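One letter stands for each residue in the lines below.
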There are 2 protein chains.
Amino acid sequence: MSRERLYLFDTTLRDGAQTNGVDFTLQDKQAIAKMLDDLGIDYVEGGYPGANPTDTGFFSHKPAFRHARFTAFGMTRRPGRSASNDPGLAALIEADADAICFVAKSSAYQVRVALETTKDENLASIRDSVKAATAVGREVMVDCEHFFDGYREDPAFALACAKAAYDSGARWVVLCDTNGGAMPNEIEATVREAAKHIPGDHLGIHAHNDTEQAVANSLAAVRAGVRQIQGTLNGLGERCGNANLCSLIPTLKLKKEFSDIFEIGVTGDRLAALTQVSRTLDNMLNRAPNRHAPYVGESAFVTKTGIHASAILKDPATYEHVAPESVGNRRKVLVSDQAGRSNVLAELERANIAFDRNDPKLGRLVREMKEREAAGYAYESANASFDLLARRTLGRVPEYFDVEQYDVNVEQRYNSHGRRVTVAMAVVKVRVDGQPLISAAEGNGPVNALDLALRKDLGKYQKYIDGLKLIDYRVRILNGGTGAVTRVLLESEDEEGERWTTIGVSPNIIDASFQALMDSVFYKLVKSGAPAEGAVPEPS
Amino acid sequence: MSRERLYLFDTTLRDGAQTNGVDFTLQDKQAIAKMLDDLGIDYVEGGYPGANPTDTGFFSHKPAFRHARFTAFGMTRRPGRSASNDPGLAALIEADADAICFVAKSSAYQVRVALETTKDENLASIRDSVKAATAVGREVMVDCEHFFDGYREDPAFALACAKAAYDSGARWVVLCDTNGGAMPNEIEATVREAAKHIPGDHLGIHAHNDTEQAVANSLAAVRAGVRQIQGTLNGLGERCGNANLCSLIPTLKLKKEFSDIFEIGVTGDRLAALTQVSRTLDNMLNRAPNRHAPYVGESAFVTKTGIHASAILKDPATYEHVAPESVGNRRKVLVSDQAGRSNVLAELERANIAFDRNDPKLGRLVREMKEREAAGYAYESANASFDLLARRTLGRVPEYFDVEQYDVNVEQRYNSHGRRVTVAMAVVKVRVDGQPLISAAEGNGPVNALDLALRKDLGKYQKYIDGLKLIDYRVRILNGGTGAVTRVLLESEDEEGERWTTIGVSPNIIDASFQALMDSVFYKLVKSGAPAEGAVPEPS
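Quick caveat, the model's predicted, so the values are computed rather than measured.

Thresholds, definitions, all that
Residues numbered from 1 in each chain as written. Chains lettered and ligands numbered in written order. Predicted model: local features only at pLDDT ≥ 70, side-chain atom pairs only at ≥ 80, totals over all residues. Heavy atoms only, no water. Helix = DSSP H or I, 4+ residues; strand = E, 2+ residues; numbered from the N terminus. Buried < 20%, exposed > 50% of the residue type's maximum accessible area, 1.4 Å probe, protein only. Contact = heavy atoms within 4.5 Å. Domains from an automatic or database assignment. Axes fitted to C-alpha atoms, helices over the stretch in contact; angles between N-to-C directions. Parallel < 35°, antiparallel > 145°, perpendicular 65-115°, else oblique. Left-handed = near helix turned anticlockwise from the far one by under 90°. Nonpolar A, V, L, I, M, F, W, Y, C, P; charged D, E, K, R; others polar. Pairing = 2+ DSSP bridges. Buried area = accessible area lost by both parts, 1.4 Å probe. Salt bridge = Lys/Arg side-chain N within 4 Å of Asp/Glu carboxyl O. Polar contact = N/O pair within 3.5 Å; in protein donor to acceptor, adjacent residues only side chain to side chain.

Attention now moves to the side chain of aspartate 149 of chain A. Residues and elements named next belong to chain A. Within the element layout of this structure, aspartate 149 appears in helix α6 (residues 147-153). Aspartate 149 sits in the buried class, given a relative accessible area of 19%. When sequence neighbours within four positions are dropped, the list of residues in contact with aspartate 149 reads Asp177 and Asn179.

Take a look at the structure:
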């Protein structure tokens, strides 16, 4: 039996950019758009060209997508202007995009109060804008803003707006619960009415989470006939956020009610990358991932209750509604050493580190990891530090060199021109094969100075780390039991393009940064097969 | 028209205690139970007497509730034991409580795999346990665990379990979606079937959030007939949590679909305390509140979009589904690079900063903000820094004091015991009324040392900042056009409990932190009405 196609429209880069505390750089937008295309999203809304330099820049060259259609967002022409004489509309039409998503009012109240224009002028604006965009060959969709509120007060006008869009050639008419206050049963009933006027496979839903029902509202709309869902990764969005694609996608793929009937662009393989996609976005934004997020949260498959844990060991299906691996997440049972151990073994397998199940050092590694995780280390986010810790505990990392001492100084003062200057300097003393090596450097900040000093002269190890670059540095303050500690995550890259992440945790941010830095250098030495301390260097 | 009574059952202290990372002390439990009673919750489930010392202690004396019924949770008698010879059941019956909530399997698969007993024995266990508890005068309810999964595979047995509870005298039969995987339409259809066998006003719903639909599932069950909802504050609970009462309560009170038909124990007055209740629980658990939580989140009524902001200034109902005050929350219109002059004016009004619309300094403020935001400042997240910048640009902040110089040092070395130690020290030179004041301090890290040194001696300003505490510190690295800069957000609190956030941006993390620190101190001085530099101090 052939299934119906259901389309996914991501607005992380547009509506998600309205999230309080979120602002995307152009580089962020490029990276996220690629990730969404890889995931199998059908439409990636990149932003609002003409509204700010980032978005205008992003729409100057269409990203090279494999699957997704790159979509520009903007307003229909302003009341009282012609389509050809509206600079906002012009910017939209000039944007290098496959599709244009217009936002248009569909509530009589909003037209009167917010737009301060007439119903007829609003309808004309929709028609003119859609025609102007189809005329230049764009796929067009219209977000009918406030559709459900509008339908409640004046159903004929709300429907007239939707029909004006469809009749003028819009591929999609998207019904929006802009203020997020509608209930699923109301959404379902209203969509059924709308579907009497516009075919369901031309209707979309755009829901907000103000009553914690954006996901349910989106699914209710699908049951009532819509075939496009708009949402964001991790439910980003203004106020309480938009419908969360990280919850919707697994439900559509894994729940028979939907998977028997619908097909989406996300394959099973890509679904298994969803947890990674969700975490990557949070890391990019330096937001703490929601541990309790459905499907992708760190705790989504964690069992703490004793009775549940013992049942889960008999058969995971007793307390899991779907298999964690299907979304790239994993099961964790927080009860016994047994469970901790199997988690660690799974990690070793994932890291390709050979081990003997009877090696007593494994028990030591499990205990060490537990202690360190309790202190704030997050090995899940720091693959290279886990790798090093495991290899060290199993006795597989040579002693390379020792840092005997470092000293970092930041000074701010007025210079001789009466201007305020800040200077950061570091001195590092390293011992390689018994020889002390002392280096000093100045940097933009204390961590940069420390990094430059450390890597200035590592003797025989220098050649292995010349290609090492630090590409990201993130800091979080954790309020643990005994007071605040700082967690630093450092991402590095080498000349082969391999990237890895290391971690440091300490009450002192410099110390935490230094730990992460040292792990990165050591990881690179292990990876390059550098000789142990005291070993005769290979001829180079 | 008289409305039907809908009962609220809170399981924050039992199912919520299964949350990964949550551990309640006895004092926590007592304080939270009182808060729930004050709120107007009908049943407060305190825990599992007999399972651990905290819960056993909590059930040794019933709290003095004004409204709520204190409820003990536990298992039905074990297979193969008589009710009178089961220590778990005995502990439950001895607990000082108004009601007992039993958990019982209602899925044939679970009975076979997890309990390893027979269907008949499971039914007998339910009947015996309910009778034993009603015999001692307790109000009895039975959580039918895995009811919806059970109904899917063997409807007759699931219903038989529910009926066994009801027929033996249980006041409430609670249908549980234990694994959280059911869809709202399935919940609704299944509840309608169950209501053919057990009157709806004896049925309850217990939903989990594994597909982000616990709230929708609970409301679907209410529409299908149940009259008790079980949930937790802030949606605490194992894995992805339980149905969130902080979302359900306002929806039941404020949405006509429900408020026209149902009455709950929470009055309008108490509803206005909900935001406070939600934040208090998070503070008690030292969890960062979810800013985006429906109704009670800090961002739930925050508008960032320029076009939305201008509409909201015309009429808040344009972009708000309910009034923020109804749940004790508040409206906020953010200043961001997407917002122009009108938004800045609105912020000034909100911050109670008087201004003249024709003041040319306003144009300077708008330009200054745009420039700073382009450099990485995010004033939307830093209310106090916005406040200071605005007052400074409008010429309303006196010169208090000047920091002439600071010097921060972090050193790591081996101490005389051969142990690696890290020491952070700072020296700050301040000039107050022409007098130089030099202070030094040691801290956990460089920022802590700098903060301690700066605030050690500020002369006549010292008394105004004695109550100042730093409560959160966040760092992000921004990869802007001209290289990486560090953005620091600092949250502070004073002796009156007021909180504010300040921001600093610089390539140097110490400098960025210092800017945020200085803004916080200056904000506190403005707030306290401290005298300008050179002014004669008021007698203290």
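Let us now look at the domain arrangement of chain A. Parsing chain A into structural domains produces domain 1 (4-263) and domain 2 (402-528). Computed from C-alpha coordinates alone, the two centres of domain 1 of chain A and domain 2 of chain A are separated by 45 Å.

Residue and element names in this part refer to chain B. In the contact formed by helix α5 (residues 119-135) and helix α7 (residues 155-167), the axes pass within 8 Å of each other and the chain directions differ by 20 degrees. By the criterion of interaxial angle, the relationship of α5 to α7 is roughly parallel. Here α5 runs over α7; the crossing is right-handed. Residues Lys119, Asn122, Leu123, Ile126, Arg127 and Val130 of α5 form the contact with α7, whose participating residues are Phe157, Ala160, Cys161, Ala164 and Ala165. Considered class by class, the residues forming the contact of α5 with α7 number 8 nonpolar, 1 polar and 2 charged.

Positive phi, normally seen in glycine, also occurs at aspartate 433 of chain A, with a value near 50 degrees. Along the polypeptide, aspartate 433 of chain A turns up in the loop between β14 (420-432) and β15 (435-443). A positive phi angle, near 55 degrees, is found at histidine 146 of chain B, a position not held by glycine. Here histidine 146 of chain B is to be found in the loop between β6 (139-145) and α6 (147-153).

Right, let's talk about the sheet that holds strand β14 (residues 420-432) of chain B for a bit. Read from one edge to the other, the open sheet built from 6 strands follows the order β15(A)-β14(A)-β13(A)-β13(B)-β14(B)-β15(B), with strand pairing classed as antiparallel. Looking at which strands have only one partner, the edges of the open sheet turn out to be β15 of chain A together with β15 (435-443) of chain B. Ignoring strand direction, the axes of neighbouring strands in this sheet form an average angle of 10 degrees. As paired elements, strand β13 (residues 402-414) of chain A and β14 of chain A share 12 bridges and run antiparallel to each other. By the bridge assignment for β14 of chain A, glutamine 405 of chain A is matched with lysine 429 of chain A.

On the side of chain B, 99 residues touch chain A, which itself brings 102 residues to the contact. Interface of chain A and chain B: buried area, both sides summed, is about 8600 Å²; carbon and sulfur atoms make up 46% of it. Ranking the residues of chain A by area buried against chain B places Asn20, Glu212 and Arg239 of chain A at the top, with a combined share of 9%. One salt bridge in this structure joins aspartate 402 of chain B and arginine 420 of chain A, with 3.3 Å as the shortest N-O distance. Between chain A and chain B we count 37 residue pairs in polar contact (both at pLDDT 80 or more) in total. At 13 residues, β13 of chain A tops the list of elements feeding residues into the side of chain A that touches chain B. Looking at the side of chain A that touches chain B, its residues break down into 39 nonpolar, 37 polar and 26 charged.

Two side chains of opposite charge can pair, provided their charged atoms sit close to one another. All names here are of chain A. Summed over the entire model, instances satisfying the criterion amount to 86 salt bridges over all chains. Salt-bridge contacts for arginine 77 lead to glutamate 121; the nearest nitrogen and oxygen are separated by 2.7 Å. Here arginine 77, found in the loop between β4 (69-75) and α3 (87-94), pairs with glutamate 121, found in helix α5 (residues 119-135); they are 44 residues apart in sequence, far enough to count as distant. As a salt-bridge pair, lysine 460 and aspartate 433 come within 2.9 Å of each other at their nearest N and O atoms. Remark: aspartate 433 occurs in the loop between β14 and β15 and lysine 460 occurs in the loop between α18 (446-454) and α19 (462-465); sequence separation between them is 27 residues.

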